[in-house]
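# Structure assessment
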Amino acid sequence: MTDVVSARQTELELEQGRVSERYARLDALRVEKEEQLARVRRTGLEGSLQNHSERDAFATLYEDRLAQLYAVDERLVFGRLDLDPDEDGVSEQRYIGRIGLTDPQQERLLVDWRAAEAGAFYQATAARRQHVRRRRHLMLRGREVRDLDDEILDPGLLADDDHISPDSQGALLAAVTARRTGRMGDIVATIQAEQDEIIRAGVSGALVVQGGPGTGKTAVALHRAAYLLYTHRDRLARSGVLVVGPSTAFMRYIERVLPSLGETGVVMASLGTLMPGFQAGPEPRAAAAAVKGRLEMAEVVVNAVAQRQRLLVEPRRLNIDGTVVKLKPAMVRRARERARATGKPHNEARATFVKILVKDLAEKLRKKLEKSSGAPVQRDLLLEDVRTARDVRVALNLCWMPMTPEWLIGDLLSREPLLRAAAPWLSDEDIAALLRPAGSPWTEADVPLLDEAAELLGAVEAPPTGRESEAQHRRNVDNARASLENMHQSLEDMGIDGVVDAEQLAAANEPGGVRRTTADQAAHDRSWTYGHVVVDEAQELSPMQWRLLARRCPMKSFTVVGDIAQSSRLDAAGSWDAALTPFFGDRWRLEELTVNYRSPARVMRWAAQVAQAAGLAVSQPEAVREGDHAPELVAEPGGTLTGLVGDAVARQRDLVPDALTAVIVPEAEVPAQVAALRERWGTARVDRAPLPGVEVVVVSPRETKGLEFDTVVLAAPERIVEDAHGVVGDLYVAMTRCTQALTIVSTAEEARLPAGLSAVPR
């Protein structure tokens, strides 16, 4: 035994030395890039435009590289592959990490986990070794190697090393049982074979990743985004990748994952922020969300826009500098027909409408003035008088008003006559669900309507920006392009070719220009089209939300992850085929994750029992562990919910002392539970969000989608189902958020409890 301990300690010391060598190289690269960036910045604005472009290109590259180098410090190195000997009898040891590193002589120190050479770290098995003899997992805390875990794929090694054991899963179990922090961690060190196959799948079409709770759908999707950016850098660096999640809380939960994988240029957006400048909240009315989500709402918006292109019922008398001219209905009809025939959006077509009517009115004014004065009048001199006359401006706006999406949709949803005129087929119940007071806050269900309106309206004419002339701008772009071509080989050698393009460089050098990354540009541009879109919790999307996202990526390159059984929408699609075929046709394929890495098996059996009792066809992925703590139901009719919750939290804190505990309650109960728990546990330890120092988080079921906690106290399950209009999706999701222990408390009679809840599996 002493020999085994000594041999293991020797291995740990050996790995510590090698890991330290790679961290030293990381530090040296940081210093090198800092110095290069400082040198570039010191060059100032001297020289030609091409000099400026080259300077800014290098500054951009150094800044982006530094951001990457500083983001990968945590567990920089996590694995080692020992390969079969080559013809000379030399066995390569290949270290796997977050990014690729070479020493000053260009000898490889670390293989990027996304590289083809790293694939065997995730894919090799004893049956298909792929020339791997040993797979070693390195477990670091900070920069210190705390432990290692070996998987022996070549039986011949067992005879040589008696201190190791075959087929170990210590690294995986350590990861799935580690304390949760309120932020999602990457799984780059423990990606399993079925996950890796999905991560490395091709980029074309939509890949749907179906998986029950705890299967790592979100982690797989984010690692896939990082892999695609690495593998298809030329294509995606210029067009960008969009990651969409169900809520702002969810986006905060996952925001650190991609930077930790070496990718800092991805646009992250919740369903409520898909329109730049908007922070829309959840739609509180389920019936309204259902109606707004129907595809027919696109036709409603089309009709609403068309209604604002009005005709005159009778002639209108316009006073132009003291002379009255009649605007006749036929004139307006002709101008409208010609404006619509341009095919341009409403606000852009309005310019044609205005130009035609101003020209016609100026001609009528000319004839009237010439008739009264007997002298010829040049029509061109009258155009500005007509255009600026108050009566003309009022009349033209009444017939064809320039509009913003906010104005159009806000007006439509707050005025019943307008809504009925735009959607005469809607029932009284649908109209009542859609109507709301003017000035109501925007919701996630409104965002697709706003986006549809923005597509139909186009931009309202903006004042001049002061940018250099278009001719000069084109010259600037040409110079920037020449600079990038000159630097192409150098940038390619550095592995960062394509990070910045000619348009970005030219814009950065023009007066008032601000250098923006592709992600920055995309996040501020509603019309931006992405190279790839990742959609998480996709079962929650309405048809109108899918329509919006399909517009964002015309190439239909998507990673779609979710679980149909977890949907909480009244109008949820019953299958991926029903949800996706209208937008993707046959350009989508389905993969399924079959292993639950998060939730203990005993918890999952209970959750599945409740879901199946409600008629849901849920998948039951195999859990990697049974779990140490039996789930419990505490039902005390007549008791107080705050008391039951507080006692359950206390028991769980004793059971798992360092746990991050989630108290999941109906939305209306959140304030009372926060107040009661703070009184019992202290203000600093209880909050609505997982912040530093917070040990107990109080959230509603909707807010837990995609999240995970060590322990969960779930309160008033019967009210959670009632709040969801009888749909058990929210309850099922809430029951599957824990990694250690689950307690459900209720003050209701047993008859009111959801079916399947009373019989707790053991």
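In this numbering scheme, every chain counts its residues from 1 along its sequence in written order. Totals for whole chains, interfaces and linings use all residues, but because this is a predicted model, local features are given only for residues with pLDDT of at least 70 and pairs of side-chain atoms are given and counted only at 80 or more. Excluded from the side-chain calculations are hydrogens and water; all other atoms, namely the structure's heavy atoms, are used.

## Considerations on the confidence of the model for the protein chain
pLDDT expresses, on a scale from 0 to 100, how confident the predictor is about each individual residue. Counting all residues, the mean pLDDT for the protein chain is 85, and 87% of those residues have values of 70 or more. In what follows, residue pairs with any heavy atoms lying within 4.5 Å of each other are defined as contacts. Considering only residues more than four positions removed or in separate chains, one finds that residues 493-499, a stretch of pLDDT under 50, has 15 contacts. Under a pLDDT of 50 for its full length, residues 511-515 has, in the predicted model, eight contacts with residues more than four places off or in other chains.

## With respect to the pattern of salt bridges
Salt bridges are defined as contacts in which a side-chain nitrogen from Lys or Arg sits within 4 Å of a carboxyl oxygen from Asp or Glu. If you walk through the whole model with that rule in mind, you get 62 salt bridges. For the salt bridge of arginine 420 with glutamate 416, the shortest nitrogen-to-oxygen distance reads 2.8 Å. Note that arginine 420 and glutamate 416 are positioned in helix 18 (residues 416-422) at a spacing of four residues, about one turn of the helix. Overall, the relative accessible area of 32% leaves arginine 420 in the partly exposed class. Of the charged contacts in the structure, one is a salt bridge between glutamate 452 and arginine 551, with a shortest N-O distance of 3.0 Å. Here arginine 551 lies in helix 24 (residues 543-552) and glutamate 452 lies in helix 20 (residues 447-457), a separation of 99 residues in the sequence. A single network of salt bridges, built from pairs that share partners, joins Glu11, Glu15, Arg80, Asp82, Arg134, Arg136 and Asp150. Strands are runs of DSSP state E lasting at least 2 residues, helices are runs of H or I lasting at least 4, and numbering of each runs from the N terminus. Any residue under 20% of the maximum accessible area for its type is buried, any over 50% is exposed, and the rest in between are partly exposed; the area is computed with a 1.4 Å probe on protein chains only.

## A look at the environment of leucine 148
In this fold, leucine 148 is placed in strand 6 (residues 144-152). Placed 133 residues apart in sequence, leucine 148 and glutamate 15 show a C-alpha to C-alpha distance of 8.8 Å. Other than its neighbours up to four places away in sequence, leucine 148 contacts Arg8, Glu11, Leu12, Glu15, Arg136, His137, Leu138 and Met139.

## Observations regarding the pairing of strand 12 (residues 532-535)
Of the two faces of strand 12, the one lined by His532 and Val534 and the one lined by Val533 and Val535 are each fully buried. Two strands pair if DSSP finds at least two bridges between them. Sheet topology note: the strand 8 (residues 241-245)/strand 12 ladder contains four bridges and is parallel. Bridging from a neighbouring strand, valine 244 pairs with valine 535 of strand 12. Pairing of strand 12 with strand 13 (residues 558-562), which is carried by three bridges, proceeds in the parallel orientation. Within the sheet, the bridge partner assigned to valine 534 lies in strand 13 and is threonine 559. For crossovers, right-handed means that the path from the first strand over the helix to the second runs clockwise, given strands pointing away from the viewer. Handedness of the crossover joining strand 12 and strand 13 through helix 24: right-handed.

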